[in-house]
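Listed below, chain by chain, are the residues.
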Amino acid sequence: MQFVTGLACVFCGQTYRPGRHFTCPRCGIQGILDVQYDYSALRRRLTRRALAARPDKSHWRYRELLPIRPTSPLPDLAVGWTPLTAAPALARHLGVRTLLLKDDGRNATGSLKDRASSIGVVKAREARRSIIACASTGNAASSCAGMAASLGLRSVIFVPERAPEPKVTQLLIFGATVLRVRGSYEQAFQLCQQACEKHGWYNRNSGINPYLVEGKKTVGLEIAEQLAWEPPDWVAVSVGDGCTVAGVWKAFRELKAIGLIARTPRVLGVQAEGAAPITECFRTGAPLQPMDPRTIADSIAVGVPRNWKKAVVAINESGGEMINVADSEILDAMCYTGRLAGVFAEPAAATAVAGLRRAIADGIVSRRASAVAIITGNGLKDTQSAKTAAGQPFDVAPDGEGLDEILAC
């Protein structure tokens with residue numbers, strides 16, 4: 001880890017040497033650590049010219065800003081450099097001047113979580129572990145299993161019983177040992193923690209593993225580079241455990257620190273109304289209050305988010321805002337994002353678009369602004385919710401009887 005200088009606790013500020021701790025010994029499991037880098041050295045190494053000369057169109061092009069060894073083997077699966085596509089019709093529908101969609105549903109297993117899991121399996125190999133484990137509502141699990149298979153590791157996955165069937169099927173196809181816990185995500189998380197400690201498995205849970213956020217931040221690094229180092233006014237991202245939004249902001253903060261961008265965007269964090277403990281922390285300034293999550297957006301249905309502090313700090317530092325949307329708004333966003341931009345977003349991904357629409361209507365985001373909404377997962381991962389959003393097809397007879405009436409509707 002050539003440019004890593006240490007890991008700092010987001011609560012007490014104590015700094016630790018890399019590799020010794022996942023969380024702060026002083027603060028316990030809530031003491032989430034943040035990876036620190038030598039930005040002075042990176043200014044000389046990671047320049048616009050150096051990046052432009054790199055043929056590698058994946059998130060590994062930013063290797064100096066990742067906490068891995070220069071010689072570590074990498075997964076063969078393609079991760080990163082996902083499309084950043086203009087969506088003018090969708091922009092008009094939302095009421096904003098410019099909108100682009102960063103479609104991370106195009107990653108190898110269909111979600112942004114591949115960015116984190118790719119780091120996780122590399123770190124597992126560096127730690128000489130043959131088994132990697134995580135608890136997840138679905139996307140982190142499938143990405144962990146896929147990346148593990150790619151690098152020759154075994155994976156053990158704990159999912160709550162409400163995890164969507166397509167995501168569970170994906171896990172089984174990747175050869176994971178899948179343990180469906182008869183309970184909540186929090187119970188699955190606790191069971192995974194205990195199993196990792198007992199069996200010595202590598203713990204991929206982004207709620208405690210500080211290295212996973214570093215993978216997620218590459219989505220922000222790519223947005224900046226794909227926009228020729230001119231960030232948008234706003235970046236909208238759905239929020240579950242807080243890791244993704246923290247990573248997105250960290251990307252822009254680090255790019256400014258090493259001189260690759262002159263200004264940073266504001267970050268709009270969006271939660272589902274039925275799973276919004278981080279929004280409450282942001283608005284009140286109070287510590288986290290756990291809640292029982294109730295939302296169709298399973299990927300962000302987190303009642304005890306471990307990275308809430310990083311998320312709140314990220315939104316505040318960016319000068320951004322947090323907003324909540326109802327499940328009905330999420331379902332609507334799935335439909336109009338598909339209809340107007342040709343992007344199939346799962347509920348958690350569509351949450352960012354729904355939140356951006358609400359923020360524009362409420363005057364939080366100016367109608368003259370430019371914005372990027374991050375599509376964190378592909379809609380094929382939750383076809384049941386997609387059916388609820390889109391409705392049913394028309395049934396017609398082979399001879400076409402009734403077709404004219406249907407087309408006239």
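Residues numbered from 1 in each chain as written. Predicted model: local features only at pLDDT ≥ 70, side-chain atom pairs only at ≥ 80, totals over all residues. Heavy atoms only, no water.

## Here we look at the overall build of the protein chain
- Across its full length, the protein chain holds 16 helices and 13 strands.
- Since a compact globule built from 409 residues should have a radius of gyration of about 22 Å, the 21 Å found for the protein chain is in line with a globular shape.
- Overall size of the protein chain, expressed as C-alpha extent along the three principal axes, is 70 × 45 × 45 Å.
- Across the 409 residues of the protein chain, 59% fall into the buried class.
- Summing over all exposed atoms, the protein chain offers an accessible surface of approximately 16,600 Å²; the carbon and sulfur share of this is 50%. (Helix = DSSP H or I, 4+ residues; strand = E, 2+ residues; numbered from the N terminus. Rg over C-alpha atoms; globule rule 2.2 N^0.38 Å. Buried < 20%, exposed > 50% of the residue type's maximum accessible area, 1.4 Å probe, protein only. Areas by Shrake-Rupley, 256 points an atom, 1.4 Å probe, with all protein chains shown as cover.)

## A closer look at the pairing of strand E5 (residues 98-103)
- Most of E5 is tucked away: five of the six residues are buried.
- Summarising the sheet, strand E4 (residues 84-86) and E5 pair through three bridges and their orientation is antiparallel. Looking at the pairing, Ala86 lines up with Leu100 of E5.
- Relative to strand E13 (residues 370-375), E5 runs parallel, the two sharing six bridges. By the bridge assignment, Lys102 is partnered in E13 with Ile374. (Pairing = 2+ DSSP bridges.)

## Describing the side chain of Ser318
- Looking at the element boundaries, Ser318 is found in helix H12 (residues 308-318).
- The contact partners of Ser318, leaving out residues within four places of it in the chain, are Trp249, Pro265, Arg266 and Val267. (Contact = heavy atoms within 4.5 Å.)

## Remarks on the sheet that holds strand E2 (residues 15-16)
- In spatial order, the strands read E2-E1-E3; together these three strands make up an open sheet with antiparallel pairing. Looking along the sheet, the strands with just one partner apiece sit at the ends: E2 and strand E3 (33-37).
- Bridge count for strand E1 (residues 4-9) against E2 is two bridges, and the pairing is antiparallel. Within the sheet, the bridge partner assigned to Ala8 lies in E2 and is Thr15.

## Comments concerning a nonpolar patch on the surface
- A contiguous nonpolar patch, built from Phe394, Val396, Leu403 and Leu407 and spanning about 420 Å² of accessible area, is present on the exposed surface.
- Along the chain, Leu403 falls in helix H16 (residues 403-407).
- The partly exposed category is assigned to Leu403, whose relative accessible area is 35%. (Patch = residues over 30% accessible without salt bridge, like charges linked within 9 Å, V, L, I, M, F, W, Y side chains within 5 Å. Salt bridge = Lys/Arg side-chain N within 4 Å of Asp/Glu carboxyl O.)

## Some thoughts on the pairing of strand E6 (residues 131-135)
- Taken across its five residues, E6 has five buried, putting it largely inside the fold.
- Where E6 meets strand E7 (residues 154-160), five bridges bridge the pair, whose relative direction is parallel. In the strand pairing of E7, Ile131 is matched with Arg154.
- Read as a crossover between parallel neighbours, the route from E6 over helix H5 (residues 139-150) to E7 is right-handed.
- Bridging between E6 and strand E9 (residues 202-203) involves two bridges; their strand directions are parallel. In the strand pairing of E9, Ala133 is matched with Asn203. (Right-handed = clockwise from strand over helix to strand, strands pointing away.)

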